[in-house]
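Geometric and topological summary
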Amino acid sequence: MIIMETERLKLREFNDDDITALYSIFSDAETMKYYPAPFTLLQTKNWIEKNKQRYREDGYGLWAVYLKESNELIGDCGLVKQIVDGKAEVEVGYHINKKYWSKGYATEAAKSCVEYGFTHLGQEKLISIIDPKNEASIRVAEKNGFMKEKESFIFSKMHHIYSVQKNTL
């Protein structure tokens with residue numbers, strides 16, 4: 001099911017046919033540099049299953065991002081419930097295949113997810129949890145109006161928490 005479209009992208013729910021394409025992205029060490037390690041095939045399958053569970057329970061999750069022009073799966077982007085410093089938040093998260101870095105795809109997909117979070121989900125605030133060394137991810141967040149809010153110890157290390165308020169866009 002297609003969730004949203006942008007100028008160059010479509011975002012839809014993951015399905016089992018996406019495992020191979022997503023694994024080629026998640027198994028890459030450079031792409032997963034800010035995770036503990038690249039994903040195994042089983043971890044990639046579990047990632048897709050976890051997002052299917054999110055779709056059922058929350059009505060949203062990380063969605064498959066693919067190019068309109070070629071129908072190629074190039075990553076994921078979406079909204080995920082997180083607990084940060086004891087508070088429930090909704091995060092905009094994204095991973096894009098490194099061969100498509102610096103083409104604006106992450107920014108374009110994330111912008112659409114921000115709009116979805118505010119318009120369809122009624123969120124007043126969205127966050128992004130970013131490793132302080134991940135300059136590319138910080139740029140994507142800032143291009144979409146996010147500003148550094150604080151630092152927090154989450155996922156076993158310090159991260160910067162970027163946020164955007166609905167009324168600031």
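Because the structure is predicted, anything quoted here is derived from the model rather than measured.

Conventions we followed
- Residues numbered from 1 in each chain as written.
- Predicted model: local features only at pLDDT ≥ 70, side-chain atom pairs only at ≥ 80, totals over all residues.
- Heavy atoms only, no water.
- Pairing = 2+ DSSP bridges.
- Helix = DSSP H or I, 4+ residues; strand = E, 2+ residues; numbered from the N terminus.
- 1 Å grid on protein atoms, 1.4 Å probe; cavity = no way out; pocket = protein on both sides within 12 Å on 5 of 7 lines; lining within 4 Å.
- Points joined across faces, edges and corners; volume = space filled by probe spheres on them.
- Nonpolar A, V, L, I, M, F, W, Y, C, P; charged D, E, K, R; others polar.
- Buried < 20%, exposed > 50% of the residue type's maximum accessible area, 1.4 Å probe, protein only.

**Remarks on the pairing of strand 8 (residues 157–165)**
The sheet contact formed by strand 6 (residues 125–130) and strand 8 spans six bridges and is antiparallel. Note that in strand 8 the partner of Ile127 across the bridge is Ser163. Bridging between strand 7 (residues 147–154) and strand 8 involves seven bridges; their strand directions are antiparallel. When the sheet's bridge partners are listed, Lys148 is paired in strand 8 with Tyr162. Here strand 7 hands over to strand 8 after two residues, with Phe155 in that stretch at a positive phi of 55°.

**A look at the layout of surface pockets**
The computed volume of the largest pocket comes to approximately 1,200 Å³. What lines the largest pocket is a set of 39 residues, among which Tyr35, Tyr94, His95, Asn134 and Ser137 lie closest to the centre. At the level of elements, helix 2 (41–58), strand 4 (73–84), strand 5 (87–96), helix 3 (105–119), strand 6, helix 4 (135–143) and strand 8 are the ones that each hand at least two residues to the lining of the largest pocket. Broken down by element, the lining of the largest pocket gets its largest block of residues, six residues, from strand 5. Grouping the amino acids of the lining of the largest pocket by side-chain chemistry returns 18 nonpolar, 11 polar and 10 charged.

**Describing the environment of Gly104**
Mapped onto the elements, Gly104 comes out in the loop between strand 5 and helix 3. Note on Gly104: relative accessible area 31%, which makes it partly exposed. For the pair Gly104 and Lys143, spaced 39 residues apart in sequence, the C-alpha to C-alpha distance is 10.0 Å.

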